[in-house]
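Each chain is listed here by its residues.
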Amino acid sequence: MTPPTSPEQLFAELLSIWHTHRALIIAVGVGLALVVRFTRQSRDAQEEGRGSPAPAAGVQEKTVELRPEWLPENTTVVPRALSAEKHAEDDASAVAVFPKAKRGPKTVKGRKTPKKIAKPVVDYDHTTDKIQPLIFFQSVTGSTERRAKRVAELLTAWTAGCDQAASLLAPQLLDLSEVDYDDYFISAPKAEANTKHFYLILAPTYNIDTLLDAFIENLSETHNDFRIDTASLSGLLGYSVFGFGDKEGWPSEEEGFCTQAKQVDKWMARLTGRKRAYPLGMGDVKSDAEDRLTEWRVGVQEALVEIAEGRGLGEGVLGSGDAVESDEEGVDDGDSGEETRRVDDVEDLGGMADGAAAPIPVDFTNYKGKPRVNAPAAPKQMVPITSPTHAALTKQGYSIIGSHSGVKICRWTKSALRGRGSCYKYSFYGIASHLCMEATPSLSCSNKCVFCWRHGTNPVGTTWRWVTDAPDVIFDGITAAHYKKIKMMKGVPGVRAERFAEAMRIRHCALSLVGEPIFYPHINELLRIMHEQRISTFMVCNAQHPAQLASLIPVTQLYVSIDASNKESLRKVDRPLHRDFWERFCACLDVLRARRFEQRTVFRLTLVKGFNMEEEVQGYADLVERALPCFVEVKGVTYCGTSAAGSAGLTMQNVPFYEEVAAFVQLLETELASRGLAYGIAAEHAHSCCILLADGNRFKRDGRWATRIDFERFFALSEGAVQGSRLQDGKVVGWRPEDYIGPDTPEWALWGNKGFDPRDQRVDRKGRPRTEEEAQASLMQAALRKAAREL
């Protein structure tokens, strides 16, 4: 064939070849593409298998290898020698810690789309329903009580003579110092079917602590309690608040005039779904209190007339007539404002794109050794006082200490103070809830678990890059804040005097709460301070920080959260930020096994239906066999009832019933026994949906379970180790967890007895005494309701 002499001839020749052989050319191209694709997939699968070893049964004792990149930046970790060998099969080598690796951050920008708030519905039929006004007051000197009685008398006379008399009942007068808050401020009080309630609250403001402080705290915690609807009082027709103050003592409102009344008004707005029927009234007790009170009462009467005539609360701003809500209230109610949403939550940053906010540094783990880009000149505060994070955590009841620590009074503490029972830690280990403080030295965490109570209100991160507060400053701050919260309980009805006095001496500290406490660089120094003060320590970690875990001094009891039995389940449940989360998880199990003769170790399993329960018993047994913890706590997840939980894929359908948790534990016990492991079901606390498995070879005494702790014995042993008298060749010798076992587990806490202390009084949601028969009937009703939903 003659070669082409021009570009046109060359193009014609190529076109002819294409038309003649195009089928063959296409087939060869597709074949080559498939070969390349399958080769890459095969190579990636092999690398994944090598990089994510699954825990296997019967793992041999070996040296725990910690990667250099697991040592966080700005953190000094001193390797700790592990326990001395008492038996050949129990020996483990010391942990080696390597220099830190360089990492670099990435920057992400974006925006948030605010959520819309549904308009509250007033469930009131003006043709048949009646309105019952309730007048609440709190008085120190008696003046507010006298005024409240006068308002009640005037309203009674008015309701009897007005055109709407058939719809209005005579008001009832209630003293806040005498009522049980649970009866009126968790949900609308029960009454006849056609009776609806309307609240009036008269609140004086003093510059001293009064019962009103505890009342306001109760309103705040009720609104932010994940077990209770955020607008739990939406069944009310409306409310209004009047405050008394002294302008001579407080020249301006900003400096304190009627501040407590404003707080009551704010929280009632949130609890009722913004059903403020008449604006907040305020009067100066030395000048115009009577005139302002009369104006307010007349305005309330007009609001009652509108409701009685079927006009509701008016047409203006949501639920409040024409009264515009404050910016602060608008932000906090229902997460409607952008300020309440976290903007440095890694998974949420993708939806922010308009560049309105300044770039936010997000630190991802990076092992490529690249230098840090745009690194800050100096470390910043983890939770600045002006940040949305600080506001979000504070409104949930946390006291923020310094820039990265927090403390919160537990609901079980309140329950124990009132003689209504302690949490599972009392049934299992002897820790009375009113003697226990919940705190954390690090509000930041490296996981974003689907069942976390905070749902993104706490910061996240993989390295410690913040200003660091001293351990003594943290200790002084968390204890002072805890005592302040305890003192606010002294005016609450039902608090027992002897338990209140006992609670003013902290004896235990649960280092969990929120965030990852082991993340704090000086955690060992903080633990030593607590032990010196005779405060026991229960440390909870998320199995993502093996270097810190290996260097931790012995605590009273060391928890590791085991939220899944395999890599994919762990990714779905914990949503970790570390890329090598599974390798870190497995390394923590090996550290736990190596240290099981230094301190009591615990696996904490949180069961979530649809995530980590089904067909995973054998996988959990593999993990137990690998780490050999002293105890395994199995607990059903608690649903938070928030929109964030739903966005994470968690609903009420994922919450297991107690019977399902019990069945799971029995299967796990059987599986462990089949492997020759002597774990048995030792105790339970049905109220917490929590069951305890324990090592029968170590925590049974004369055939009886002995899971409780001798705390004074622990302090004596710990002090000996700290002083060096029990160190030999760099290893701790001479005492083991068995040496500080306390008394036998009480009969009422053993498996099959439900775990509620008979010396306490079990109550229902309204605080009324509850018998065991009533409790069983309630569980049966819940089971029937769930079965109906599933059908």
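Residues numbered from 1 in each chain as written. Predicted model: local features only at pLDDT ≥ 70, side-chain atom pairs only at ≥ 80, totals over all residues. Heavy atoms only, no water.

A.B. asks: Please clarify how the overall build of the protein should be interpreted in this entry.
C.D. replies: Scanning the protein from N- to C-terminus turns up 21 helices and 21 strands. Looking at the protein as a whole, 54% of its 791 residues are labelled buried. Counted over contacts in the protein with a minimum sequence separation of 6, partners at least 24 positions apart contribute 79%. Total accessible area on the protein is roughly 35500 Å²; 53% of this is exposed by carbon and sulfur atoms. (Helix = DSSP H or I, 4+ residues; strand = E, 2+ residues; numbered from the N terminus. Buried < 20%, exposed > 50% of the residue type's maximum accessible area, 1.4 Å probe, protein only. Contact = heavy atoms within 4.5 Å. Areas by Shrake-Rupley, 256 points an atom, 1.4 Å probe, with all protein chains shown as cover.)

A.B. asks: Mind showing me how you'd approach helix α2 (residues 143-161) here?
C.D. replies: Because an α-helix packs 3.6 residues into every turn, residues spaced three or four apart end up facing the same way. A rise of 1.5 Å per residue sets the reference length of α2, with its 19 residues, at 27 Å; its end C-alpha atoms lie 28 Å apart and thus fit the reference within 8%. Along α2, the residues classified as buried are Ser-143, Thr-144, Arg-147, Ala-148, Val-151, Ala-152, Leu-155, Trp-158 and Thr-159. The inward-facing, buried residues of α2 contact β2 (130-137), β3 (172-175), β4 (195-204), β5 (238-245) and α6 (289-308). (Expected span 1.5 Å × (residues − 1).)

A.B. asks: Would you mind showing me how to read the nonpolar core here?
C.D. replies: Where a protein is soluble and globular, its nonpolar side chains tend to be buried together. Judged by nonpolar contacts, the single largest core of 77 residues is most densely connected at Ile-562, Phe-603, Leu-605, Phe-664 and Leu-668. The biggest single contributor to this core is helix α16 (residues 581-594), with eight residues. Counting residues in each nonpolar core, the second largest holds 37 residues, with Leu-134, Tyr-199, Leu-417 and Met-489 among its members. (Core = buried A, V, L, I, M, F, W, Y, C linked by side-chain atoms within 4.5 Å.)

A.B. asks: Is there a simple way to think about the sheet that holds strand β6 (residues 281-284) in this case?
C.D. replies: Whether parallel or antiparallel, the strands of a sheet pair through hydrogen bonds between backbone atoms. Spatially, five strands are ordered β3-β2-β4-β5-β6 in an open sheet, and the strand pairing comes out parallel. Either end of the sheet is taken by a strand with one partner, and the two such strands are β3 and β6. Pairwise comparison of adjacent strand axes, ignoring direction, gives a mean angle of 20° for this sheet. Note: β5 against β6, four bridges, orientation parallel. Bridge pairing in β6 places Gly-243 opposite Met-282. (Pairing = 2+ DSSP bridges. Axes fitted to C-alpha atoms, helices over the stretch in contact; angles between N-to-C directions.)

A.B. asks: Which parts of the structure should I look at to understand the packing of helix α17 (residues 617-627) against helix α19 (residues 658-674)?
C.D. replies: Helix-helix packing: each pair is described by the crossing angle between the helix axes and the interaxial distance. For the pair α17 and α19, the least separation of the axes is 9 Å and the interaxial angle reads 55°. Compared by their axis directions, α17 and α19 come out oblique. Seen from above, α17 lies across α19 with right-handed handedness. In this structure, α17 uses Val-617, Gln-618, Tyr-620, Ala-621 and Val-624 to contact α19, whose residues at the interface are Phe-664, Leu-667, Leu-668, Glu-671 and Leu-672. Looking at the contact of α17 with α19, its residues break down into eight nonpolar, one polar and one charged. (Parallel < 35°, antiparallel > 145°, perpendicular 65-115°, else oblique. Left-handed = near helix turned anticlockwise from the far one by under 90°. Nonpolar A, V, L, I, M, F, W, Y, C, P; charged D, E, K, R; others polar.)

A.B. asks: Quick question: what am I supposed to make of the pattern of salt bridges here?
C.D. replies: Side chains bearing opposite charge may pair, as long as their charged atoms lie close to each other. This model, assessed by the stated rule, comprises 31 salt bridges. Between Glu-660 and Lys-609 there is a salt bridge, and its shortest N-O distance comes to 3.0 Å. Residue Glu-660 is found in helix α19, and its partner Lys-609 is found in the loop between β14 (600-607) and α17; the two are separated by 51 residues along the sequence. Overall, the relative accessible area of 28% leaves Glu-660 in the partly exposed class. Take Lys-609: its relative accessible area is 14%, and that puts it in the buried class. For the salt bridge of Glu-738 with Arg-736, the shortest nitrogen-to-oxygen distance reads 3.6 Å. (Salt bridge = Lys/Arg side-chain N within 4 Å of Asp/Glu carboxyl O.)

A.B. asks: Would you mind showing me how to read unusual backbone geometry here?
C.D. replies: With the exception of glycine, most residues fall at negative phi, and the peptide bonds are largely trans. Look at Arg-534: it is not a glycine, yet its phi comes out positive at around 60°. Structurally, Arg-534 can be placed in the loop between α13 (523-532) and β12 (536-541). Positive phi, close to 75°, is recorded for Lys-754, a residue that is not glycine.

A.B. asks: When you look at the sheet that holds strand β8 (residues 399-401) in this model, what are you seeing that I'm missing?
C.D. replies: Pairing in this open sheet of ten strands is mixed, and the strands run β8-β9-β10-β11-β12-β13-β14-β15-β17-β16 from one edge to the other. A single partner strand is all that each edge strand has here, and the edge strands are β8 and β16 (679-685). Neighbour-to-neighbour, the strand axes of this sheet turn through a mean angle of 25°, independent of strand direction. Where β12 meets strand β13 (residues 557-561), four bridges bridge the pair, whose relative direction is parallel.

A.B. asks: Quick question: what am I supposed to make of a nonpolar patch on the surface here?
C.D. replies: Together, Phe-11, Leu-15, Trp-18, Ile-25, Ile-26, Val-30, Leu-34 and Phe-38 make up an exposed nonpolar region whose accessible area comes to about 770 Å². For Trp-18, the position within the fold is in helix α1 (residues 7-51). For Trp-18, a relative accessible area of 36% translates into the label partly exposed. (Patch = residues over 30% accessible without salt bridge, like charges linked within 9 Å, V, L, I, M, F, W, Y side chains within 5 Å.)

A.B. asks: What am I meant to see in the packing of α2 against α6 here?
C.D. replies: Contact pair α2 / α6: the axes reach a minimum separation of 11 Å and the direction vectors enclose 40°. The hand of the α2/α6 crossing is right-handed. Every residue of α6 that contacts α2 at Arg-147, Val-151, Leu-154, Leu-155 and Trp-158 is listed here: Ala-289, Glu-290, Leu-293, Arg-297, Gln-301, Leu-304 and Val-305. A class-by-class count of the residues in the contact of α2 with α6 yields eight nonpolar, one polar and three charged.

A.B. asks: How should I be thinking about the pairing of strand β11 (residues 508-511) in this particular structure?
C.D. replies: Each regular strand displays side chains that alternate between the two surfaces of the sheet. Of the two faces of β11, both are covered, the one formed by His-508 and Ala-510 as well as the one formed by Cys-509 and Leu-511. Examined bridge by bridge, strand β10 (residues 436-440) and β11 share four bridges and lie parallel to one another. Each bridged residue has a counterpart across the sheet, and for Cys-436 the counterpart in β11 is His-508. Where β11 meets β12, four bridges bridge the pair, whose relative direction is parallel. Paired with Ala-510 across the bridge in β12 is Phe-538.

A.B. asks: Help me out: how do you make sense of the environment of Tyr-658 in this one?
C.D. replies: Tracing the chain through its elements places Tyr-658 in helix α19. Residue classification places Tyr-658 among the buried residues on the basis of a relative accessible area of 9%. For Tyr-658 and Ile-691, which are 33 residues apart along the polypeptide, the C-alpha to C-alpha distance reads 9.4 Å.

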